[in-house]
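# Topology and contacts: notes
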Amino acid sequence: MLEGRVIKAAGGFFTVYDETGSEYLCRARGMLKRDKASLMVGDRILFEPGEKSSVVDYSEGVIEKLLPRINCLKRPPAANVDQLVVVMSIKQPGCDWQLVSRLLVLAEQEKLAAFLCLNKTDLVAADELRLLTGQTDLYPYPILYTSAVSGAGLDSLKERLSGQCSVFAGPSGVGKSSLLNAVQPGLSLQTGTVSDKIKRGRHTTRQAELLPLTSGGSVVDTPGFTRLDFFKLEPALLADYFPEFEHLRECCSFRNCRHISEPDCAVRREIGKTLSQMRYDHYQYFVKELSKREVY
Ligand SMILES: Nc1nc2c(ncn2[C@@H]2O[C@H](COP(=O)(O)OP(=O)(O)OP(=O)(O)O)[C@@H](O)[C@H]2O)c(=O)[nH]1
Ligand SMILES: [Mg+2]
Ligand SMILES: [Zn+2]
């Protein structure tokens, strides 16, 4: 048996690279398919290689065993990754900050590093961009301002991707595939257009795919989405996934302060000073959303 990594999953077939980079098209043993934790892009697996085909340039194979995952992001699904890159565009479509916070909560749950990529800077005037960067002063994650069209910010993006296994996530049409093409021109990923009327993308990328980078490391390009559920998450745990609250927690008067309506709350005291008002608003919104869902 050989060890390999799933780089694409589509229609019950899995594209697998072995350690030398040879490609195999694999089916999975029934057990692996039925398993709740079914195979996903990034999974490390053991597989039995089949005959080399004389027609196509890959061999077939059967996946026999899923190796333990270091981590696994549920949405977009990807396993064994080092960091999440949340991609949004400033315009066409505009940035959905609440979706950003949702994705960041998911990343924190999986203990994944994360940063933000605000793309399409070429569509805004310099003073508008300055205003935006001023507003994101208190943002607790690194933000890169990029343009796949003008090339702005691409060197910083390349640097952050190099040597890491990253997963790109964000709505359709924000430029995830375009950025990857710009970072590594040989990739030739298909890119779509944004509809004129509703300024939304057209879901061009259909399947997640793990792409090796020539600079070292790899990136999972994923299909865009706009809705994201928290799955199982207790509202009381939510504050743990807002890392900027961490150092303030012990300064709150109440030991189990939820930072909502308790008196003398250190988190609420810092809003607008060292904490971003927008991030706190999202926190409050998510606590409400999760509390409503709780079944007693
Ligand atoms: N002006 C401008 N347009 C961009 C930029 N990046 C991407 N686009 C355009 O935005 C559209 C969507 O780009 P894609 O790369 O397909 O977006 P995506 O995020 O991969 O979308 P899905 O695959 O549908 O999730 C295309 O028409 C791109 O040419 C940018 O930096 N500036
Ligand atoms: Mg795409
Ligand atoms: Zn508090």
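Our subject is the structure that appears above.
Residue numbers restart at each chain and count upward from 1, following the sequence in its written direction. Lettering for chains starts from A, numbering for ligands starts from 1, and both go in the order in which the items are written. Per-residue local features are limited, in this predicted model, to residues with pLDDT of at least 70; the limit for side-chain atom pairs, both in listing and counting, is 80 or more; totals at the level of whole chains, interfaces and linings are taken over all residues. The basis for every side-chain value is the complete set of non-hydrogen atoms in the structure, without hydrogens or water.

## Here's the deal with the pairing of strand β13 (residues 218–221)
Operational definition: Remark: exposure states derive from per-residue accessible area (1.4 Å probe, protein chains only) relative to the maximum for the residue type, with buried under 20%, exposed over 50%, and partly exposed in between. Runs of E in the DSSP output that reach at least two residues are strands. Runs of H or I that reach at least four are helices, and both are numbered from the N terminus. Note on pairing: DSSP must find at least two bridges between two strands before they are called paired.
Residues Ser 218 and Val 220 point to one face of β13 and Val 219 and Asp 221 to the other, with burial holding for every one of them. Where strand β11 (residues 165–169) and β13 come together, three bridges link them in parallel fashion. By the bridge assignment, Val 167 is partnered in β13 with Val 220. Bridge count for strand β12 (residues 209–212) against β13 is four bridges, and the pairing is antiparallel. What sits directly across from Leu 210, in β13, is Val 220.

## Remarks on the environment of Glu 48
Definition in use: The contact definition used throughout considers only heavy atoms, calling two residues in contact when any of these lie within 4.5 Å.
Relative to the helices and strands, Glu 48 resides in strand β4 (residues 44–52). Owing to a relative accessible area of 38%, Glu 48 belongs among the partly exposed residues under this scheme. It is 44 Å that separates the C-alpha atoms of Glu 48 and Gln 98, two residues lying 50 residues apart in sequence. Ignoring any residue separated from it by four or fewer positions in sequence, one finds Glu 48 in contact with Met 1, Gly 61, Val 62 and Glu 64.

## Overview of the packing of aromatic side chains
Short version of the rule: In summary, the pairing rule links any two rings of Phe, Tyr or Trp, Trp by its six-membered ring, whose centres are within 6.5 Å, and it sorts them by plane angle into stacked for under 30 degrees, edge-to-face for over 60 and tilted for everything else.
One pass over the full model with this rule turns up eleven aromatic pairs. With a centroid separation of 4.8 Å and 65 degrees between ring planes, the pair formed by Tyr 24 and Phe 47 is classed as edge-to-face. Here the residue Tyr 24 occupies a position in strand β3 (residues 23–28), and Phe 47 occupies one in strand β4, the gap between them amounting to 23 residues. Just as Tyr 24 is buried, Phe 47 falls in that class too. Here the aromatic rings of Tyr 280 and Tyr 283 are separated by 6.0 Å at their centres, their planes lie at 40 degrees, and the arrangement is tilted. One end of the pair, Tyr 280, and the other, Tyr 283, are both in helix α7 (residues 277–293), three residues apart, so they sit about a helical turn from each other.

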